[in-house]
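Breakdown of the fold
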Amino acid sequence: MTKLVTIMGGSGFVGRYVARRMALAGWRVRVATRRPNEHMYVRTYGTVGQVEPVLCNIRDEGSVRAVINGADAVVNCTGILLEGGKNTFDAIQSKGAGRVARIAAEAGVTNLVHISAIGADADSEIAYARTKGEGEAAVLAAFPSAVILRPSIIFGSEDGFFNRFAKMVQFSPVLPITGGQSRFQPVYVDDVALAAANAAQGLVEAGTYELGGPDTDSFRGLMEMMLAEIRRKRVIIDMPGVLARLTARVLNIAQFLTAGLFTNSLLTLDQIKSLSRDTVVSDGAKGFAELGIDPTPMQMILPQYLWVYRPTGQFLAMREATQTMRGQE
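Note that the structure is predicted; figures quoted are calculated from it, not measured.

Some points on the sheet that holds strand β3 (residues 51-55)
In spatial order, the strands read β3-β2-β1-β4-β5-β6-β11; together these 7 strands make up an open sheet with parallel pairing. Looking at which strands have only one partner, the edges of the open sheet turn out to be β3 and β11 (207-211). Between one strand axis and the next, the sheet turns through 20 degrees on average, direction left out of account. Seen against the sheet, helix α3 (residues 89-106) touches β1 (4-8), β4 (73-76) and β5 (111-115) and runs at an angle of roughly 175 degrees to β4.

Some thoughts on the pattern of salt bridges
One pass over the full model with this rule turns up 16 salt bridges. E136 is the salt-bridge partner of R150, the closest N and O atoms lying 2.7 Å from each other. Residue R150 is located in strand β6 (residues 147-151), and its partner E136 is located in helix α4 (residues 127-142); the two are separated by 14 residues in the primary sequence. When sorted by exposure, R150 lands in the same class as E136, which is buried. Ionic contacts of the salt-bridge type, sharing partners, join the residues E61, R65, R99, R102 and E106 into one network.

Points about the side chain of D191
Following the sequence through the fold, D191 ends up in helix α6 (residues 189-200). Of note is the side chain of D191, whose polar atom sits 2.7 Å from the backbone nitrogen of T296. Not counting the four nearest positions on each side in its chain, D191 is found in contact with F288, I293, P295 and T296.

Side note on the environment of P53
Secondary-structure assignment places P53 in strand β3. P53 sits 102 residues away from F155 along the chain, and the two C-alpha atoms are 24 Å apart. Residues within four places of P53 in sequence aside, it is in contact with V31, T33, P36, H39, M40, V42 and R43.

Quick notes on the state of the cysteines
The final tally for this structure, using the stated rule, is 0 disulfides. The thiol of C56 is unpaired, and the distance to the nearest cysteine sulfur, on C77, comes to 13 Å.

Here's the deal with the layout of surface pockets
Computed from the structure, the second largest pocket encloses a volume of approximately 210 Å³. Forming the walls of the second largest pocket are L81, L82, E83, F89, N252, Q255, T263, N264, T268, L269 and D270. Listing elements by their share of the lining of the second largest pocket, those giving two or more residues are α8 (241-257) and α9 (269-275). Of the residues that constitute the lining of the second largest pocket, the class distribution is 4 nonpolar, 5 polar and 2 charged.

Description of the side chain of S124
Considering the arrangement of structural elements, one finds S124 in the loop between β5 and α4. Sequence-distant contacts of S124, that is, excluding residues within four places in its chain, are made with A129, R130 and R277.

Remarks on unusual backbone geometry
Note: most peptide bonds trans; most residues except glycine with negative phi. Of note in the backbone geometry, R231 takes a positive phi value of approximately 60 degrees without being a glycine. Position of R231 among the secondary structure elements: in the loop between α7 (219-229) and β13 (235-238). Owing to a relative accessible area of 34%, R231 belongs among the partly exposed residues under this scheme.

Some details on the packing of helix α5 (residues 162-170) against helix α11 (residues 298-306)
Think of two packed helices as two axes; the pair is described by the angle between the axes and how far apart they sit. At a closest axis distance of 12 Å, the pairing of α5 and α11 adopts a crossing angle of 50 degrees. One element, α5, and the other, α11, form an angle in the oblique class. Seen along the crossing, α5 lies across α11 with a hand that is right-handed. Here α5 contributes F162, N163 and A166 to the contact with α11, which in turn contributes M298, L302, Y305 and L306. Among the residues forming the contact of α5 with α11, the class breakdown is 6 nonpolar, 1 polar and no charged.

Looking at the environment of L222
Locating L222 in the fold gives a position in helix α7. When residues no more than four places from it in sequence are discounted, the contact partners of L222 are F161, F162, F184, P186, D217 and M298.

Each value, and the rule that gives it
- Residues numbered from 1 in each chain as written.
- Predicted model: local features only at pLDDT ≥ 70, side-chain atom pairs only at ≥ 80, totals over all residues.
- Heavy atoms only, no water.
- Pairing = 2+ DSSP bridges.
- Helix = DSSP H or I, 4+ residues; strand = E, 2+ residues; numbered from the N terminus.
- Axes fitted to C-alpha atoms, helices over the stretch in contact; angles between N-to-C directions.
- Contact = heavy atoms within 4.5 Å.
- Salt bridge = Lys/Arg side-chain N within 4 Å of Asp/Glu carboxyl O.
- Buried < 20%, exposed > 50% of the residue type's maximum accessible area, 1.4 Å probe, protein only.
- Polar contact = N/O pair within 3.5 Å; in protein donor to acceptor, adjacent residues only side chain to side chain.
- Disulfide = S-S within 2.5 Å.
- 1 Å grid on protein atoms, 1.4 Å probe; cavity = no way out; pocket = protein on both sides within 12 Å on 5 of 7 lines; lining within 4 Å.
- Points joined across faces, edges and corners; volume = space filled by probe spheres on them.
- Nonpolar A, V, L, I, M, F, W, Y, C, P; charged D, E, K, R; others polar.
- Parallel < 35°, antiparallel > 145°, perpendicular 65-115°, else oblique.
- Left-handed = near helix turned anticlockwise from the far one by under 90°.

This is the structure:
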């Protein structure tokens, strides 16, 4: 009988790529999501009936148990960058991660893969990093043979990093950032998905792996790369910490005063703390080399989706090619 994998958060950025990889490997795939009716497109990742979206809320014991029941493997891709309502860092990344691992162990699941993040630390003052660390601890306590993957910033056509800043500079002459000297090691989403899929199939030894791409650069350097790719000249302003914190507080106040009509997805105090620290693979950490995966350089992928932010979109490349040909005449 074909094996079954349940992907928690399977309709999200990373989860969708994991679902494709598992379907390609011939597995039946349950895509666990809070709104299955909005994610019917995942069915196209495999043959008829191979990939199915199913209702699940990671905060709810019963629904988690229902989607894990009968699964041979579980991949937990659930995570948030911003808190909202009941979806807090603690509820999703700490308690939720532990709940998935405990139920997976009770259900006799063979392989559990947990997507965490570089910098996860249960003792961190940063709420995001602290709850990621607490989640890892809860996973290992319930399922010691789990594979934990800690990616750096993830990029790809649906990412919330390069896309976010490229949209900003379409309408602004300046690009404000904070923590411009912090170093990042962006990793391609499908490389993370391949690692997760291999682990779900039992092809990876238990343990924690830090995943970073082949290129390391500062936050400012990455923004300069993005601007060059979309052919736009903008002034990058690295806000000092005091100004960044003041901006975050003003945005939080605006969210409070508007009773949630305005959601502060631009800059939070927790994000400022996160951006002040490097997000690169630690010395001596296991990573892609141990997984037998050659990570993809950014320059191979960024042009495939950032072209939409160029002044004339895909036609700019044609114009540049024409100008080059004329210059050679």
